[in-house]
Amino acid sequence: MNNEESSLTRPLIGITTHRSLSRYSYPVISLTEAYIQALSRAGADPVLIPPGLPDEGLESLLSRLDGILFSGGGDVHPRRYGSQPHPLVNEVDEDRDRVEIALVQQALEDGTPFLGICRGLQVVNVALGGSLYEDLLDQHPNAIKHDRFPDEARDYLAHSVSIEPGSQLAEVLGTRELQVNSLHHQGIRQVARDLRSTAYAPDGVIEAVEAQEHPFGLAVQWHPEWLQAHLVMRSLFERFVQAAA
């Protein structure tokens, strides 16, 4: 196979993005480069999915994608899971919630492979009817500190995660326990009916879910894109790209 033929077989994977302001206060759509690098290294061609797209634009875009990565970012609006405002809920973007929830639901219906990371895990759960803790330290009994940034580097291995035997995640990673980074203050309270929880932190916080009866629908609470020095974290992206291909 020549280089041209090889490039044509690389799956096209969309990555959700977030709004922010530039140093000159201009609105920008952005994404941490680590996601792009991890997907590209695993053999995919990443494209950015901006918030603000109309519903018909989302349907058109999804029809051209081989997979979706739901990236990290600010909190999902509590209204989306039937809860009340909380003083520690931050960086809410209701239009991003709309876009990502629509994409999750459509990906589940179409069987499109997807991977959720941090906020991505939370929005997948909310999109399918689950709920969240607005703040783990405030609401989860005996919670450890999960928001380790900026006190620690983004690749700091903060705690262990135990993985359910027989789960797709255990098969993908080839292990039942690993060390992960931790950059979140929210977490899953009630798991959506169509999801299975497959990994847990030492305090019982859910660290991964997978969609039942779906070819590849995984979401993790940690940030594997920052841990690409570890083979097991690269394998998560590689298997996602293989499923998308």
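Please refer to the structure higher up on the page.
About the criteria used
All chains use their own residue numbering, which begins from 1 and follows the written sequence. Under the rules for a predicted model, residues below a pLDDT of 70 receive no local features and side-chain atom pairs below 80 are neither given nor counted, while totals for whole chains, interfaces and linings still include all residues. With hydrogens and water excluded, all non-hydrogen atoms of the structure serve as input to the side-chain values. Ring pairs shown here join Phe, Tyr and Trp side chains whose ring centres sit within 6.5 Å, with only the six-membered ring taken for Trp; geometry is labelled stacked below 30 degrees between planes, edge-to-face above 60, and tilted in between. Helix and strand definitions here come from DSSP, where helices need a minimum of 4 consecutive H or I residues and strands a minimum of 2 consecutive E residues; each element is numbered from the N-terminal end. Only Lys NZ and Arg CZ are tested; either one counts as a charge over a ring when it is within 6 Å of the ring centre and within 35 degrees of the ring normal. A pairing counts as a salt bridge when a side-chain nitrogen of Lys or Arg comes within 4 Å of a carboxyl oxygen of Asp or Glu. Three exposure classes are used, based on accessible area relative to the maximum for each residue type with a 1.4 Å probe and protein chains only: buried under 20%, partly exposed in between, and exposed over 50%. Paired strands, in this sense, are two strands between which DSSP finds at least two bridges. Lines fitted to the C-alpha atoms define the axes, with helices restricted to the stretch that makes contact. Angles between their N-to-C directions range from 0 to 180 degrees. Contacts are assigned to residue pairs that have any heavy atoms within 4.5 Å of one another.

Caption draft 1: The arrangement of the packing of aromatic side chains in detail. Counted under the stated rule, the structure contains two aromatic pairs. With a centroid separation of 6.2 Å and an interplanar angle of 80 degrees, the aromatic rings of Phe70 and Phe114 are classed as edge-to-face. Taken as a pair, Phe70 in strand 5 (residues 67–70) and Phe114 in strand 6 (residues 114–117) lie far apart in primary sequence, 44 residues in all. When the ring centre of Phe149 is taken as reference, the NZ or CZ atom of Arg154 above it lies at 4.0 Å.

Caption draft 2: Quick peek at the pattern of salt bridges. The tally for this structure, following the rule as stated, stands at 13 salt bridges. The salt bridge involving Arg98 is made with Asp55; its shortest N-O contact spans 3.1 Å. Here Asp55 lies in helix 3 (residues 55–62) and Arg98 lies in helix 4 (residues 94–110), a separation of 43 residues in the sequence. Judged by its relative accessible area of 44%, Asp55 falls in the partly exposed class. When the shortest N-O distance is used, the salt bridge between Arg119 and Asp97 registers 2.9 Å. Taken together, the residues span a long stretch of sequence, with Arg119 in helix 5 (residues 119–127) and Asp97 in helix 4 at a distance of 22 residues. With respect to class, Arg119 is no different from Asp97; both count as buried. Members of the salt-bridge network, linked through shared partners, are Arg19, Asp55, Asp93, Asp95 and Arg98.

Caption draft 3: Here's a closer look at the sheet that holds strand 4 (residues 45–49). The mixed open sheet is built from nine strands, whose spatial order is 4-1-5-6-13-12-11-8-9. The sheet is open, and its two edges are formed by strand 4 and strand 9 (177–180), each paired on a single side. Shown here is a sheet whose adjacent strand axes are inclined to one another by a mean of 25 degrees, direction ignored. By the bridge criterion, three bridges tie strand 12 (residues 206–211) to strand 13 (residues 217–220) in an arrangement that is antiparallel. The partner of Ala208 across the bridge, within strand 13, is Val220. Relative to the sheet, helix 5 contacts strand 5, strand 6, strand 11 (195–200), strand 12 and strand 13, its axis offset from that of strand 6 by approximately 115 degrees.

Nothing here speaks to function; it is geometry throughout.
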